[in-house]
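Geometric and topological summary
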Amino acid sequence: MSASRLVYICDWLPPDFGAVGQYSVLFARELARDRRLHVTLVGLTSGEAESSIERFDGGTLEIVKVPVPAYDKARTSARIRWTVATNTRLLRAALPFIRKADTVLFTGSPPLFLHWIAPLNVLLRKRLIYRITDFHPECAIAERGSASLFLKLVLALTLFWRRRVDTFEVLGHDQAVRLQEIGVAKERLVLKRDPSPIAIGPDTPPLARPAQTEGKFLLLYSGNWGIAHDTATFVSAYIEHHNQGSGTVLLWLNAIGKGAATVAEALDAAKVPYIRTDLVPLDRLASLLRTPDAHLITLKNAFVGYVLPSKVYACVDSDLPVMFIGPTESDVHLLCDQRKSSSYVHVDVGDSERCAQALEDFGANHSASSSRKLRLVRSSV
């Protein structure tokens, strides 16, 4: 990248929760420090308007936070109004910096920001880089199961503006496939994966395990369990595991989102045990991810290539086993399967029988490991 001034636009900046914003800060700082660019990162905040500057040898990073209100995600009309108002406000805040810049890099969040920056760029003629973290309106169509007339029109317009983007940064090979399917040339695609937003490894100290988990295999779902993530396969298997199986595996739900609420409601109705805790601050996330016995990641088939759960990077780095319920075409499967340090269990969406057996296997291995440890303790006394 040869530009000396770059504007980077994303959604929620820390300390607000949002993986895209966390990664954007890391990448923007890297561009300013290592590439010696003058970077202006413009994003959202639930707090007050704020700006700050970090200076490096040859580069600078200015972070501009644009205050916006929260909204009701369950109501489509509220989501549309919020998107229109937020994208307009975000563009207005970024415009003075865009005029001076050579390149504009923007993310897939907030949704449909492409429809604001691409038309404006017909006049400004800046180089556009689209870090396509999530696909919109494809995610809305996948959520509905079909496209309404309105969504068909939005999709057609989206494809029109995508053809006017210079470069796409994709998070995985599955996203590259989706873009090539709609006619984006391979030469315009650059694979740039998200790193883990935190430093984590075998030496990271874990948190104290939640109460009443003694003797249990603790399976953690952390972060966002949203509309793109399958719930039915795991819920069915987990209830069977507790009602007809060993019940050794205990779900630790440290998550937010529609899916998290769906899972909690189903498990409450079935009267099976699980643990639910609030999200931890970012500075404790590494320790949280080292605390359980394994991690759970899920993804619906319809969202493959449209969404890549960012938690996979930290889960892989945690060096703990991972269970992924989702399609093998997703890069989640690729990333988990290629590592050699710890076990990986894949389950197809809808295969509750396989999932239930995997839970039983987790429990059996845990019990065997605990027995071995107990024998070692007794032999050393």
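Residues numbered from 1 in each chain as written. Predicted model: local features only at pLDDT ≥ 70, side-chain atom pairs only at ≥ 80, totals over all residues. Heavy atoms only, no water.

**Quick word on the sheet that holds strand 9 (residues 217–224)**
Across the sheet, six strands lie side by side as 11-10-9-12-13-14; this open sheet has parallel pairing. Either end of the sheet is taken by a strand with one partner, and the two such strands are strand 11 (275–276) and strand 14 (344–347). Packed on one face of the sheet, helix 7 (residues 232–243) meets strand 9, strand 10 (249–256), strand 12 (294–298), strand 13 (322–325) and strand 14 and runs near 145° to strand 10. Relative to the sheet, helix 8 (residues 258–270) contacts strand 10 and strand 11, its axis offset from that of strand 10 by approximately 140°. (Pairing = 2+ DSSP bridges. Helix = DSSP H or I, 4+ residues; strand = E, 2+ residues; numbered from the N terminus. Contact = heavy atoms within 4.5 Å. Axes fitted to C-alpha atoms, helices over the stretch in contact; angles between N-to-C directions.)

**Looking at the environment of Ile 129**
Turning to its location among the elements, Ile 129 is positioned in strand 6 (residues 127–131). Taking the relative accessible area as the measure of exposure, Ile 129 reaches 2% and is therefore buried. (Buried < 20%, exposed > 50% of the residue type's maximum accessible area, 1.4 Å probe, protein only.)

**Examining the environment of Asn 301**
The residue Asn 301 is located in the loop between strand 12 and helix 10 (311–317) in this model. Measuring from C-alpha to C-alpha, the distance between Asn 301 and Leu 335 comes to 17 Å, with 34 residues separating the pair along the chain. Sequence-distant contacts of Asn 301, that is, excluding residues within four places in its chain, are made with Gly 326, Pro 327 and Val 349.

**Quick look at the nonpolar core**
Formed by 70 residues in total, the largest nonpolar core has its most connected members in Tyr 8, Ile 9, Val 39, Leu 41 and Phe 106. Here the element with the most residues in this core is helix 1 (residues 19–34); it accounts for seven residues. Beyond its immediate sequence surroundings of up to four residues, Tyr 8 is in contact with Ser 24, Phe 27, Ala 28, Leu 31, Val 39, Thr 40, Leu 41, Val 42, Leu 105, Thr 107 and Arg 131. In terms of nonpolar packing, the next biggest core, distinct from the first, is built from 41 residues, Phe 217, Leu 218, Ala 356 and Phe 362 among them. (Core = buried A, V, L, I, M, F, W, Y, C linked by side-chain atoms within 4.5 Å.)

**Topic: helix 5 (residues 149–162)**
A rise of 1.5 Å per residue sets the reference length of helix 5, with its 14 residues, at 20 Å; its end C-alpha atoms lie 20 Å apart and thus fit the reference within 8%. By the burial criterion, the buried members of helix 5 are Leu 151, Val 154, Thr 158, Trp 161 and Arg 162. An end-on view of helix 5 places all buried positions within 95° of arc, on one side of the element. Exposed residues lying more than 90 degrees from the buried face of helix 5 are Leu 149, Lys 152 and Leu 153. Buried residues belonging to helix 5 abut helix 3 (114–124), strand 6, helix 4 (138–144) and strand 7 (167–170). (Expected span 1.5 Å × (residues − 1). Arc of directions from axis to C-beta.)

**Examining the packing of helix 2 (residues 76–100) against helix 3**
Running from amino to carboxyl end, helix 2 crosses helix 3 at an angle of 30°, the nearest separation of the two axes being 10 Å. As the angle between them shows, helix 2 and helix 3 are arranged roughly parallel. In this structure, the crossing between helix 2 and helix 3 has a hand that is right-handed. Facing helix 2, whose interface residues are Thr 83, Val 84, Asn 87, Thr 88, Leu 91, Leu 95, Ile 98 and Arg 99, helix 3 presents Trp 116, Ile 117, Leu 120 and Leu 124. (Parallel < 35°, antiparallel > 145°, perpendicular 65-115°, else oblique. Left-handed = near helix turned anticlockwise from the far one by under 90°.)

**Description of the sheet that holds strand 1 (residues 5–12)**
If you walk across this open sheet you meet the eight strands as 3-4-2-1-5-6-7-8, and the pairing is mixed. Of all strands in the sheet, those with a lone pairing partner are strand 3 (50–55) and strand 8 (189–191), marking the two edges. Strand after strand, the sheet turns through a mean of 20° between neighbouring axes, direction not considered. Across the sheet, helix 1 touches strand 1, strand 2 (38–45), strand 3, strand 4 (60–67), strand 5 (103–107) and strand 6, and the angle it forms with strand 1 is around 165°.

**Some thoughts on the side chain of His 333**
Topologically, His 333 is positioned in helix 11 (residues 331–337). A polar side-chain atom of His 333 sits 2.8 Å from a polar atom in the side chain of Tyr 344. (Polar contact = N/O pair within 3.5 Å; in protein donor to acceptor, adjacent residues only side chain to side chain.)

**Remarks on the environment of Arg 89**
Among the structural elements, Arg 89 can be located in helix 2. For Arg 89, a relative accessible area of 40% puts it in the partly exposed group. Separated by 47 residues in the primary sequence, Arg 89 and Val 42 place their C-alpha atoms 11 Å from one another. Those residues within four positions of Arg 89 in sequence are excluded, and the remaining contacts are Val 66, Pro 67, Val 68 and Pro 69. Polar contacts involving the side chain of Arg 89 include one to the main-chain carbonyl oxygen of Pro 67, which spans 2.9 Å.

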